[in-house]
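Residue-level structure breakdown
Spelled out, the chains give:
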Amino acid sequence: MKKILLYPITLIYYIVYLSVMCIIHPIQWMAFKIFGDKGLKTSFDYVGYFSLKCNHILGTRFTFENIELIPKNVPLIFVSNHQSLLDTAGIIWYLRKFNCLFVTKKELGKGIPSVSYFLRNGKYVMIDRNNPKQAIPKIKSLAEYIEKEKCSAVIFPEGTRSKNGEPLEFAQSGLKILCKYAPSAYIVPITINNSWKVYQYGYFQLSVGHHIFFTVHKSIKVSDFTFDEIFEKTKKTIIQGIKI
């Protein structure tokens with residue numbers, strides 16, 4: 001009986017969410033045309049904000065821990081496990097002051113009001129997971145950009161979302177390129193817990209009443225370690241923080 005009730009709640013959530021995204025879309029377009037990249041970025045921060053607020057319909061709560069540990073005025077590479085679409089929304093909003101630029105899949109560049117528009121016009125890196133070589137120059141350019149502008153990149157080394165919270169295999173390639181071409185950057189590991197639970201029954205029967213935690217860990221200065229050391233330290237830190 002309880003699972004049956006999830007259908008109308010899910011329907012209400014999607015109606016509200018899509019309505020909000022459709023309202024933001026023209027505002028975002030105007031902000032980009034009038035204020036350029038700054039207007040586009042600011043409007044997209046609120047896409048993250050309203051994405052989180054819409055989840056209150058599902059009784060979802062969010063806590064972002066230890067933001068004070070993040071270094072300031074330096075290039076940053078946020079590295080996180082990946083459990084659901086809510087991971088991105090949480091990072092976009094709570095870390096908005098760090099001007100985060102994501103490495104994401106190209107499929108998100110179409111079909112989603114507001115989100116796809118931003119991905120096509122912002123500085124995010126959209127990659128084809130079926131063509132890894134194509135991603136190399138794009139990630140290199142992102143690394144050089146954050147090194148120059150002292151902003152932030154976000155990468156999910158698992159490459160795809162865990163469906164049960166268990167960490168998947170971490171790939172080295174994207175993070176290695178970021179470290180190589182942003183040598184003054186700091187790695188900031190983030191562990192995300194419980195976001196997978198919202199989607200545990202699928203996208204059309206969303207689960208309710210979950211508390212999602214984003215936990216920031218102590219940063220790692222890229223220039224102080226070899227890449228192998230960086231990778232192992234980052235992976236170990238993130239995985240140790242996962243609670244199933």
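Preceding block: the structure.
Before going into details, it helps to say that this report is about the structure given with it. (Residues numbered from 1 in each chain as written. Predicted model: local features only at pLDDT ≥ 70, side-chain atom pairs only at ≥ 80, totals over all residues. Heavy atoms only, no water.)

So, on to a nonpolar patch on the surface. Together, Trp29, Met30, Ile34 and Phe35 give the surface a local cluster of nonpolar side chains, amounting to about 480 Å² of exposed area. The residue methionine 30 is located in helix H1 (residues 2-54) in this model. (Patch = residues over 30% accessible without salt bridge, like charges linked within 9 Å, V, L, I, M, F, W, Y side chains within 5 Å. Areas by Shrake-Rupley, 256 points an atom, 1.4 Å probe, with all protein chains shown as cover. Salt bridge = Lys/Arg side-chain N within 4 Å of Asp/Glu carboxyl O. Helix = DSSP H or I, 4+ residues; strand = E, 2+ residues; numbered from the N terminus.)

Here we take up the environment of leucine 95. Here leucine 95 is to be found in the loop between helix H2 (86-94) and strand S3 (100-105). The spatial distance from the C-alpha of leucine 95 to the C-alpha of glutamine 134 is 28 Å, given a sequence separation of 39 residues. If we skip the residues at most four places from it in the chain, leucine 95 touches Phe64, Ile67, Ile70, Phe78, Gly90, Cys100 and Ile190. (Contact = heavy atoms within 4.5 Å.)

Below, the discussion takes up the pattern of salt bridges. In this structure the tally under the stated criterion is three salt bridges. With its nearest N and O atoms 2.9 Å apart, the salt bridge here joins aspartate 45 to lysine 41. A residue pair is termed a helical-turn pair when its members lie 3 or 4 positions apart in one helix, as aspartate 45 and lysine 41 do in helix H1 at four residues. For lysine 41, a relative accessible area of 22% gives the class partly exposed. Notably, a salt bridge pairs glutamate 169 with lysine 235, separated by 3.9 Å at the nearest N-O pair. Placement of glutamate 169 in the loop between strand S5 (152-155) and helix H5 (173-181) and of lysine 235 in helix H6 (residues 227-240) is noted, with a sequence separation of 66 residues between them. (Buried < 20%, exposed > 50% of the residue type's maximum accessible area, 1.4 Å probe, protein only.)

Now for the side chain of serine 195. Following the sequence through the fold, serine 195 ends up in the loop between strand S6 (186-193) and strand S7 (211-216). For serine 195, a relative accessible area of 0% gives the class buried. At 3.2 Å, the side chain of serine 195 forms a polar contact with the side chain of serine 84. Sequence-distant contacts of serine 195, that is, excluding residues within four places in its chain, are made with Gln83, Ser84, Leu86, Asp87 and Ile212. (Polar contact = N/O pair within 3.5 Å; in protein donor to acceptor, adjacent residues only side chain to side chain.)

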